[in-house]
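So you can see what is in the structure, the chains are spelled out below.
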Amino acid sequence: MSECRFICDFMLGRLAKWMRLLGLDTLYYNNPGDPSILHRALKEGRTILSRSKEFMRYENSILIESENLDEQLEQIKEIIEISNPFSRCPLCNTPLLAVNKEKIKEEVPEYIYETHDKFKRCPDCGRIYWKGTHYKEITRKINEIFS
Ligand SMILES: [Zn+2]
């Protein structure tokens, strides 16, 4: 499993966001019954994660059993490898780029600017990320589940 890429179907939006935070290339299809999901999975060699049995005919798919995020992460932890957390935009899956602090001065709250030195930007949606409170919570959860 050298290169794991995923697609989450419409019931797994939160899981998709978390997988991106973990650095995993994860698409999210938020339209129920979108027929292109299977085509995309085949074309790009992606594993489909779904709560519905409809994709189980596709060999490269995983039936997610729980509605609970922690349990979902527990279920997938056997098949994923976390090598580069916080490297992708949790909103759009695009790899983040480090950005020079001065360049984003106008775009983040002053307090954040004063107290942080490293920032990353999503080249697609433009969002800026830094290691704030959210980062600590996420790191704690990752350690809880994956260690
Ligand atoms: Zn983005």
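Look a little higher up for the structure.
This write-up is about the structure you can find in this document. (Residues numbered from 1 in each chain as written. Predicted model: local features only at pLDDT ≥ 70, side-chain atom pairs only at ≥ 80, totals over all residues. Heavy atoms only, no water.)

Observations concerning empty space enclosed by the protein
For step 1, the next point in the chain: A full pass over the atoms with the stated rule returns one cavity of 30 Å³ or more.
For step 2, the next point in the chain: Considered as a void within the structure, the largest cavity measures approximately 50 Å³ in volume.
For step 3, the next point in the chain: Residue lining of the largest cavity: Asp9, Phe10, Tyr29, Asn31, Pro32, Gly33, Asp34, Ile37, Glu54 and Phe55, and that is the complete set.
For step 4, the next point in the chain: For the lining of the largest cavity, a count of residues per class yields five nonpolar, two polar and three charged. (1 Å grid on protein atoms, 1.4 Å probe; cavity = no way out; pocket = protein on both sides within 12 Å on 5 of 7 lines; lining within 4 Å. Points joined across faces, edges and corners; volume = space filled by probe spheres on them. Nonpolar A, V, L, I, M, F, W, Y, C, P; charged D, E, K, R; others polar.)

Let's talk about the coordination of the zinc ion
For step 1, the next point in the chain: For the zinc ion, the full set of protein donor atoms is Cys89 (SG), Cys92 (SG), Cys122 (SG) and Cys125 (SG), and the range of their distances to it is 2.2 to 2.3 Å.
For step 2, the next point in the chain: Coordination geometry of the zinc ion: the four donor atoms subtend angles of 98 to 125 degrees at the metal centre, consistent with an arrangement described as tetrahedral.
For step 3, the next point in the chain: Considered as a linear motif, the donors of the zinc ion on their single chain read C-x2-C-x29-C-x2-C. Pair noted here: Cys89 is in the loop between α3 (69-76) and β5 (97-99) and Cys125 is in the loop between β6 (119-121) and β7 (128-129), with a separation of 36 residues, a long-range link.
For step 4, the next point in the chain: The class for Cys89 is buried, based on a relative accessible area of 0%. (Donors = N, O, S within 2.8 Å, 3.2 Å for Na, K, Ca; no water. Tetrahedral: all angles 85-135°; square planar, octahedral: opposite > 155°, others 65-115°. Helix = DSSP H or I, 4+ residues; strand = E, 2+ residues; numbered from the N terminus. Buried < 20%, exposed > 50% of the residue type's maximum accessible area, 1.4 Å probe, protein only.)

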